[in-house]
Structure formats: structure tokens, C-alpha cells
Amino acid sequence: MGGRGSSSSSGGGAGGGAGGGLGGLIGAFGGNGSGVGSPQLGSMLMLAPFQRVGDYTDGNNPNLVKWQGQTDDKSASFLSKVDNTTDLSQIQSQTNDPWNFYDNPQQKLVEQLGLNKPTTVLSESDFRKYVNQTGATVLYRGWSGQNAVDRFKQSPNSHIGNGINGDGYYFSTDRGTARQYGGTGMKAALSPNARVVSLSAVNNAIAGTSPKFRSSLSKAGSRGTRTFGPNDGQAQMALKMGYNVIDAGWAVIPLTRDAIVVSDKNNW
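Residues numbered from 1 in each chain as written. Predicted model: local features only at pLDDT ≥ 70, side-chain atom pairs only at ≥ 80, totals over all residues. Heavy atoms only, no water.

A. Structural detail: the layout of surface pockets. In this structure, the largest pocket occupies an estimated 150 Å³ of space. In terms of lining residues, the largest pocket is bounded by 15 residues, among which A76, L79, S80, S216 and R223 are the most central. Among the secondary structure elements, those contributing two or more residues to the lining of the largest pocket are helix 3 (72-85), helix 5 (105-113) and helix 10 (211-220). Here the lining of the largest pocket takes 6 residues from helix 3, the largest share from any one element. Its residues assigned to classes, the lining of the largest pocket shows 6 nonpolar, 4 polar and 5 charged. (1 Å grid on protein atoms, 1.4 Å probe; cavity = no way out; pocket = protein on both sides within 12 Å on 5 of 7 lines; lining within 4 Å. Points joined across faces, edges and corners; volume = space filled by probe spheres on them. Helix = DSSP H or I, 4+ residues; strand = E, 2+ residues; numbered from the N terminus. Nonpolar A, V, L, I, M, F, W, Y, C, P; charged D, E, K, R; others polar.)

B. Fine view of helix 5. Counting buried residues along helix 5, 8 of its 9 residues qualify, which places the element largely inside the surrounding structure. Among the residues of helix 5, P105, Q106, Q107, K108, L109, V110, E111 and L113 are the ones counted as buried. Count one or two residues on from helix 5 and you reach G114, which has phi positive near 75°. (Buried < 20%, exposed > 50% of the residue type's maximum accessible area, 1.4 Å probe, protein only.)

C. Spotlight on the side chain of S155. Tracing the sequence through the fold places S155 in the loop between helix 7 (146-154) and helix 8 (175-179). Note on S155: relative accessible area 2%, which makes it buried.

The structure is reproduced here in C-alpha cells:
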């Protein structure tokens with residue numbers, strides 16, 4: 001979605017992605033409707049039980065694990081260093097990425113942590129099977145055009161958009177709402193790699209951090225190219241807590257591409 005929630009900035013990977021195809025995805029998810037009837041967070045999002053556990057480590061990615069284990073003040077210093085020293089143009093050149101980055105601190109953090117795993121792209125028929133067999137909630141996003149969709153699916157990097165509840169990819173459980181934000185639609189669902197936390201839990205965690213870290217999170221949420229307005233660094237905090245999806249109630253916000261699977265068919 002664009003508009004008040006997020007810019008159209010996004011990247012992606014080639015079809016396939018994590019999970020080893022439809023069979024691997026369903027097996028990892030638990031299959032047979034494991035998400036049906038599970039508790040809700042702030043929206044109509046239905047989750048499998050394991051998706052409420054804050055254990056997202058990107059496959060024990062050492063950079064992410066180190067970030068998650070740092071003290072508040074070391075994390076504050078790290079965010080400042082990442083923002084001041086990361087050269088996105090150099091990364092774009094080194095990875096032969098045809099799409100430009102939005103200059104925001106979360107984009108720089110994602111690059112430094114190496115959180116660039118692609119989304120899983122399924123055929124429309126396989127996507128429906130995945131949803132039917134797992135009970136996963138269908139999510140929708142309106143993009144500015146096909147170029148933005150291609151960027152999400154094909155870029156070697158995770159192009160992060162700006163949003164008022166944290167920088168990431170904003171989706172809605174309502175197709176009509178998502179359609180208001182862009183003329184090219186995408187249909188998605190949470191993947192087995194998704195770990196979901198409520199926005200209120202993230203905000204409470206931020207409030208409990210040291211003043212230095214809280215200040216650095218606020219700066220990370222307000223610097224750089226702001227398309228729709230500042231935030232309080234919720235995306236950075238959620239990743240530190242072990243989550244890669246924020247449920248804001250009005251929107252579902254994947255922070256990494258491997259958190260969702262998508263249909264290869266444009267939704268509208």
C-alpha cells in the first residue's frame with residue numbers, strides 16, 4: 001500500500017524463494033489449517049501458533065543475532081554508525097541492482113544485517129492451495145505500477161518503504177483498502193518464516209529501552225527520505241525483539257521479504 005502507510009519502495013527475489021516450493025511451504029507451516037482459529041492480534045490476521053514467538057533470526061544470521069543481543073547503548077551506537085557509513089549507491093553498484101534505493105536508516109540496517117532473502121512467488125493456483133491448506137490470511141497491497149511489483153519480486157535487495165508505524169512493506173487484509181494505494185495489486189500471505197508482533201507490544205518495548213537507544217530509534221524513524229512521515233523506529237525495534245512482521249491493526253507490515261509468499265498474478 002502507498003499513501004499514509006508506506007512508499008512504493010520495495011525489492012524482491014526470483015520466484016521460488018524460501019520454503020522449497022509449495023510442498024515445503026505447507027510442510028513448514030504445519031498444514032491442514034494450522035492457522036485457522038488461532039488468536040488474533042490487532043487486525044483480522046490469523047496466525048499459526050509459532051508465528052507469535054519472537055525467534056526470527058533469519059536462519060541464525062550472525063549479524064542479526066549480534067544485533068538482537070546487544071545492549072541498548074551499543075545498539076544506539078550501531079544504528080548511528082550504520083546510518084552514517086552505509087553507502088547505498090555502492091551497494092546498488094556491487095549487487096548490479098537496477099533499482100535505486102530510498103535513503104532511509106532502516107534500508108541501511110537491512111543491508112548491514114544482510115536481510116535480503118527473496119519472497120516466495122507461487123502460481124495463482126498454488127497460492128490458493130497454500131491459503132486453503134494453511135488457513136493463512138490473504139493480504140493485499142496496491143503498488144504504483146508493474147515496475148514496483150517487479151522490483152519487489154526480482155531485485156537482489158530488499159527495497160524498504162517508509163511508513164508511519166515502521167519502515168517496511170504495508171499490506172491490508174481488505175482488498176478495497178489496498179486498492180486505494182496503488183493501481184497494480186498484489187495478493188500475499190504470511191510465510192512459515194513470519195514472526196508477528198503487535199504494534200502496541202513494539203511501542204511498549206521502545207518505551208522500556210534506555211534514553212540513548214530510544215533517541216536513536218526516533219532519529220532512525222525520522223531521517224532520510226520521508227515519503228509519508230516519521231515513525232518511532234518500530235521496524236528496527238521489532239527486528240531486535242525477534243519479529244519480522246508488525247500487526248498495526250489497520251495494516252500488516254512485513255519487514256523482510258521472506259515473511260510472505262505472493263501470487264504471480266496481479267490482483268486487479
